[in-house]
Amino acid sequence: MRRLPAVLAAALAATSLLPASALAESAPSGATSASVKSTSGKATFYKLRSGGGNCSYPSPPAGDLYVALSRREYRAAAACGGYLTVTGPRGSVRVKVVDQCPECPAGHIDLSRKAFARVAAPGKGLVGVTYSPAANPKLGRPLAFRVKEGSSQWWLALLVIDHGNPLAAVEVKTAGGAWRKLARADYNYWIAESGAGRGFFSVRVTDTRGHRVTTHGIRLAPATVQRTTTKMY
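What counts, and at which threshold
Residues numbered from 1 in each chain as written. Predicted model: local features only at pLDDT ≥ 70, side-chain atom pairs only at ≥ 80, totals over all residues. Heavy atoms only, no water. Pairing = 2+ DSSP bridges. Helix = DSSP H or I, 4+ residues; strand = E, 2+ residues; numbered from the N terminus. Axes fitted to C-alpha atoms, helices over the stretch in contact; angles between N-to-C directions. Salt bridge = Lys/Arg side-chain N within 4 Å of Asp/Glu carboxyl O. 1 Å grid on protein atoms, 1.4 Å probe; cavity = no way out; pocket = protein on both sides within 12 Å on 5 of 7 lines; lining within 4 Å. Points joined across faces, edges and corners; volume = space filled by probe spheres on them. Nonpolar A, V, L, I, M, F, W, Y, C, P; charged D, E, K, R; others polar.

**Q** I'd like to hear about the sheet that holds strand β7 (residues 127-133), residue by residue, with values.
**A** On the basis of which strands lie adjacent, the closed barrel formed by six strands has the order β2-β6-β3-β5-β4-β7 and mixed pairing. Put simply, the sheet's adjacent strands are angled 45 degrees from each other on average, direction ignored. Strand direction decides the pairing type here: strand β2 (residues 39-46) and strand β6 (residues 108-112), joined by five bridges, are parallel. Bridging across to β6, Thr44 finds its partner in Asp110.

Have a look at this one:
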């Protein structure tokens, strides 16, 4: 788990803030467009120790423009993979949600150093910012999937990568089978506790803004990132 540097933790303690192939489909009624509103708060910066933080991505996003959210705003991984537009005294930057900041109260975000430098001078350490969700951010890559180590025909954990908006639902099925809804873990993998078979899998992904796509041919291949030709929008 990532931790704030001592100097930033001290500054934070002094601040109490509350603020393959694809088929496009219509979204189910449970997926609704989230309202876009701006939050006024504070920002610090940090560096990921390894990988992609609590959201379990294999690596930081391109450009090292990322953010960690408070426990409340992380929402048990529901915010993972979404983007924020952050504005400070120097300008604005778009960052990907990849991590949780357990020390941060709601309204305090922790940016990568590179992202922080876009909105304020890094020497400030702690600055006032506003931030809001980015709707349908442009992505250069299609969806990818990673099957977690330890997965088998009897237990499946699936990570969805490069979806743009936060996700609302992930479902899987094998040939001739029925769709099975997966449950999201707080480390951002989607879980079938009793497994989903040996594969190959079709995976249906729905985001919070009503986009839904289906991709096919996902293998039961733990620890391998499987890139598809499917884009969410």
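**Q** Account for the pattern of salt bridges, with residues named and values stated.
**A** Following the criterion strictly, the structure yields four salt bridges and no others. Between Arg227 and Asp162 there is a salt bridge; the shortest N-O distance is 2.7 Å. Linking Arg227 in strand β16 (residues 225-227) with Asp162 in the loop between β9 (156-161) and β10 (167-173), this pair joins segments that are 65 residues apart in sequence. Each member of the salt-bridge network shares a partner with another, and the members are Lys96, Asp162 and Arg227.

**Q** Help me get a handle on the layout of surface pockets, residues and values and all.
**A** A volume near 370 Å³ is recorded for the second largest pocket. A breakdown of the residues in the lining of the second largest pocket according to their chemical character gives nine nonpolar, two polar and five charged.

Honestly, that's just the spatial picture; any functional story needs more than this.
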